[in-house]
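As a plain string of letters, each chain reads:
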Amino acid sequence: QVQVGESGGGSVQAGESLRLSCTASGRIFNFNSMGWYRQAPGKQRELVAVIIPNGTTNYADSVRGRFSISRDKTRIMVHLQMNNLRPEDTATYYCNIVEAGSRRNYWGQGTQVTVYS
């Protein structure tokens, strides 16, 4: 079975940076996309950033220019570099991997990011 794990969350002051990492383990060998979503209390889960195998990326307007998503070439691993964090970035961040072929969605358990003003 496939498991997805995230790391790198924490509590920081506004203007500081964090780097999230996500990796998949188990019987998964290729992917259609890897991305990050976030959900703040009382709000809907929203897409933050996504990357596809050819390296094309997409970002939410609220994070474009501050966040950067990247992937490892030799393993199914994705990172989210978050710079100039703002209090409104506070949320639980979830890694999402869409498996190639099956197009099955796999989700991490979430990692908390808290940004203080």
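Just above, that's the structure.
Model, not experiment: these values are computed from the prediction. Note that residues are indexed from 1 along each chain, following the sequence as it is written. Note on the predicted model: pLDDT of at least 70 is required for a residue's local features to be given, and 80 or more for side-chain atom pairs to be given and counted; whole-chain, interface and lining totals, by contrast, use all residues. Side-chain descriptors were evaluated using all non-hydrogen atoms of the structure, hydrogens and water having been removed beforehand.

**Looking at the pairing of strand 1 (residues 3-7)**
Here is step 1 of the chain: Here's how the labels work: a residue is buried when its accessible area is under 20% of the maximum for its type, exposed when over 50%, partly exposed in between, all with a 1.4 Å probe on protein chains only. Labels follow the DSSP assignment, with helices taken as runs of H or I lasting at least four residues and strands as runs of E lasting at least two, numbered in each case from the N terminus. Every second residue of strand 1 is oriented toward a common face, the buried set being Val4 and Glu6 and the non-buried set Gln3, Gly5 and Ser7.
Here is step 2 of the chain: One bridge is not enough; two strands pair if DSSP finds at least two bridges between them. Here five bridges tie strand 1 to strand 3 (residues 18-25), and the two strands are oriented antiparallel to one another. Along strand 3, the bridge assignment pairs Val4 with Ala24.

**Observations concerning the sheet that holds strand 8 (residues 77-82)**
Here is step 1 of the chain: With respect to topology, four strands assemble into an open sheet ordered 1-3-8-7, the strand pairing being antiparallel. The open sheet has two edge strands, strand 1 and strand 7 (67-71), and neither has a second partner. Sheet twist, expressed as the mean angle between neighbouring strand axes with direction ignored, is 15°.
Here is step 2 of the chain: Sheet analysis places strand 7 next to strand 8, joined by five bridges and oriented antiparallel. Looking at strand 8, one finds that Ile69 is bridged to Leu80. Between N-to-C directions, angles cover 0 to 180 degrees, with each direction set by a line fitted to C-alpha atoms, over the stretch in contact for helices.

**Looking at the side chain of Thr92**
Here is step 1 of the chain: Following the sequence through the fold, Thr92 ends up in strand 9 (residues 91-99).
Here is step 2 of the chain: Here a polar contact is taken to be a pair of N or O atoms separated by no more than 3.5 Å, where protein atoms must pair a possible hydrogen donor with a possible acceptor and residues adjacent in sequence count only if both atoms sit in side chains. A polar side-chain atom of Thr92 sits 2.8 Å from a polar atom in the side chain of Gln112.
Here is step 3 of the chain: What makes two residues a contact is simply this: any of their non-hydrogen atoms within 4.5 Å. Among residues more than four places away in sequence, those in contact with Thr92 are Tyr37, Arg38, Gln39, Gly110, Thr111 and Gln112.

**Topic: unusual backbone geometry**
Here is step 1 of the chain: Although it is not a glycine, Asn84 adopts a positive phi angle of roughly 50°.
Here is step 2 of the chain: Structurally, the position occupied by Asn84 is in the loop between strand 8 and strand 9.
Here is step 3 of the chain: Notably, Arg103 is not glycine yet its phi reads approximately 55°, a positive angle.
Here is step 4 of the chain: If you trace the backbone, Arg103 turns up in the loop between strand 9 and strand 10 (105-107).
Here is step 5 of the chain: Its relative accessible area of 62% is what places Arg103 among the exposed residues.

**Regarding the packing of aromatic side chains**
Here is step 1 of the chain: Classification of ring pairs uses Phe, Tyr and Trp, with its six-membered ring standing for Trp, and accepts pairs whose centres are within 6.5 Å; under 30 degrees between planes counts as stacked, over 60 as edge-to-face, and the remaining range as tilted. Evaluation of the coordinates by the stated rule reveals one aromatic pair.
Here is step 2 of the chain: Across from the ring centre of Tyr94, 3.8 Å away, lies the NZ or CZ of Arg45, which sits over that ring.
Here is step 3 of the chain: To sit over a ring, a charge needs its Lys NZ or Arg CZ within 6 Å of the ring centre and within 35 degrees of the ring normal. Geometry around Trp107 places Arg45 over its ring, the cationic atom sitting 4.9 Å from the centre.

**Let's talk about the environment of Ser21**
Here is step 1 of the chain: Looking at the element boundaries, Ser21 is found in strand 3.
Here is step 2 of the chain: Along the backbone, Ser21 and Thr114 are 93 residues apart, and their C-alpha atoms lie at a distance of 16 Å.
Here is step 3 of the chain: Excluding residues within four positions of it along the chain, Ser21 makes contact with Gly5, Glu6, Ser7, Trp36, Val78 and His79.
Here is step 4 of the chain: Polar contacts involving the side chain of Ser21 include one to the side chain of His79, which spans 2.9 Å.

**Some words on the state of the cysteines**
Here is step 1 of the chain: Criterion for a disulfide: a pair of cysteine sulfur atoms at a distance within 2.5 Å. Tallied over the full model, the rule gives one disulfide.
Here is step 2 of the chain: Between the sulfur atoms of Cys22 and its disulfide partner Cys95 the distance amounts to 1.9 Å. Between Cys22 and Cys95 the disulfide shows an S-S torsion of about -80°. By sign, it is left-handed. Remark: Cys95 occurs in strand 9 and Cys22 occurs in strand 3; sequence separation between them is 73 residues. Grouping residues by exposure puts Cys22 and Cys95 together as buried.

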